[in-house]
Amino acid sequence: MLRRLARIFSAFTLAVLLAGVVAIVLPRPQPPLPPLAGPVSRIVVEKAARRMTVYTGDQVARVYRIRLGFAPEGDKLREGDGRTPEGVFRIDRRNGSSAYHLSLGIDYPQKEDRARAAAAGVDPGGDIFFHGQPNILPRGITLGHDWTAGCIALADAEIEELFAATPVGARVEILP
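This structure is a prediction, so every number in the text was calculated from the model and none was measured.

Asks: Help me get a handle on the overall build of the protein chain, residues and values and all.
Replies: In terms of helices and strands, the protein chain carries three helices and eight strands. Shown N-terminal to C-terminal, the secondary structure of the protein chain runs as helices and strands in the order α-β-β-β-β-β-α-β-β-α-β. The buried share among the 176 residues of the protein chain stands at 39%. Excluding contacts between residues fewer than 6 apart, the proportion of contacts in the protein chain whose partners are at least 24 apart in sequence is 58%.

Asks: Describe the pairing of strand β2 (residues 51-56), with residues and values.
Replies: Counting buried positions along β2 yields five of six residues, so the element is predominantly enclosed. Adjacent in sequence and paired antiparallel, strand β1 (residues 42-46) and β2 are bridged by four residues, among which R50 carries a positive phi angle near 55°. Where β2 meets strand β3 (residues 59-65), six bridges bridge the pair, whose relative direction is antiparallel. The residue bridging T53 from the neighbouring strand is V63, located in β3. In this structure, the hairpin formed by β2 and β3 is closed by a connection of two residues, where G57 is found at a positive phi of approximately 65°.

Asks: So what's going on with the sheet that holds strand β8 (residues 171-175)? Residues and values would help.
Replies: Strand order in this open sheet of eight strands is β3-β2-β1-β8-β4-β5-β6-β7, and the pairing throughout is mixed. Strands with a single pairing partner mark the edges of an open sheet, and in this sheet they are β3 and β7 (152-153). Bridging between strand β4 (residues 87-95) and β8 involves four bridges; their strand directions are antiparallel. Within β8, the position partnered with F89 by the bridge is V172. Across the sheet, helix α3 (residues 156-165) touches β1, β2, β3, β4, β5 (103-106) and β6 (129-131), and the angle it forms with β3 is around 150°.

Asks: Explain the packing of aromatic side chains residue by residue, including any values.
Replies: Per the counting criterion, the structure on display carries two aromatic pairs. Measuring from centroid to centroid gives 6.3 Å for F89 and Y108, while their planes differ by 75°, and the two rings are edge-to-face. Taken together, the residues span a long stretch of sequence, with F89 in strand β4 and Y108 in the loop between β5 and α2 (111-120) at a distance of 19 residues. Accessibility assignment for this pair places F89 and Y108 in one class, buried. Seen from their ring centres, Y100 and W147 are 5.8 Å apart, and the 45° between their planes marks the pair as tilted. On the criterion of sequence distance, the pair formed by Y100 in the loop between β4 and β5 and W147 in the loop between β6 and β7 is long-range, its members being 47 residues apart. Judged by its relative accessible area of 17%, W147 is buried. The residue whose ring lies beneath R42 is Y55, and the NZ or CZ to ring-centre distance is 4.0 Å. Above the ring of F163, the side-chain terminus of R94 is found at 4.0 Å from the ring centroid.

About the thresholds
- Residues numbered from 1 in each chain as written.
- Predicted model: local features only at pLDDT ≥ 70, side-chain atom pairs only at ≥ 80, totals over all residues.
- Heavy atoms only, no water.
- Helix = DSSP H or I, 4+ residues; strand = E, 2+ residues; numbered from the N terminus.
- Buried < 20%, exposed > 50% of the residue type's maximum accessible area, 1.4 Å probe, protein only.
- Contact = heavy atoms within 4.5 Å.
- Pairing = 2+ DSSP bridges.
- Axes fitted to C-alpha atoms, helices over the stretch in contact; angles between N-to-C directions.
- Phe/Tyr/Trp six-rings, centres within 6.5 Å; stacked < 30°, edge-to-face > 60°.
- Lys NZ or Arg CZ within 6 Å of the ring centre and 35° of its normal.

Taken by themselves, the reported measurements are silent on function.
As structure tokens, then:
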């Protein structure tokens, strides 16, 4: 009788312990975020952290995980270097028919970028965008490494949200 009770108690203890481990280890589903309220006023990209913070007014509205150019260390110096430029820019164009899932362009190169490249005898590059994944990928696939030619890549659902709420003229700060 005591052995039987000991086995039942052991089984119950094991079940409670396993339930506790499962509750701690398994991710809890997150409720969907509310839509961005109001237009995006500022975007701050922290390259080293692969993080982008989006502001509406003075309030943080979203933080996204991003992917950068294939050689992201340092400022963009020339076309083809795989770097994402650093500095202060503005959103200057919107493209709903991009080769990537939507895109928001920034005003790179600026005067100082062109002058630096001219002094080095190289092309500064251009066409730097926030964009989603390549349209040739199946919907829902997000590349998990730095892969762009210097752009800032997000998941398709994230660029859809950003595209819908970001006007031309929004400030963009790209930090090392």
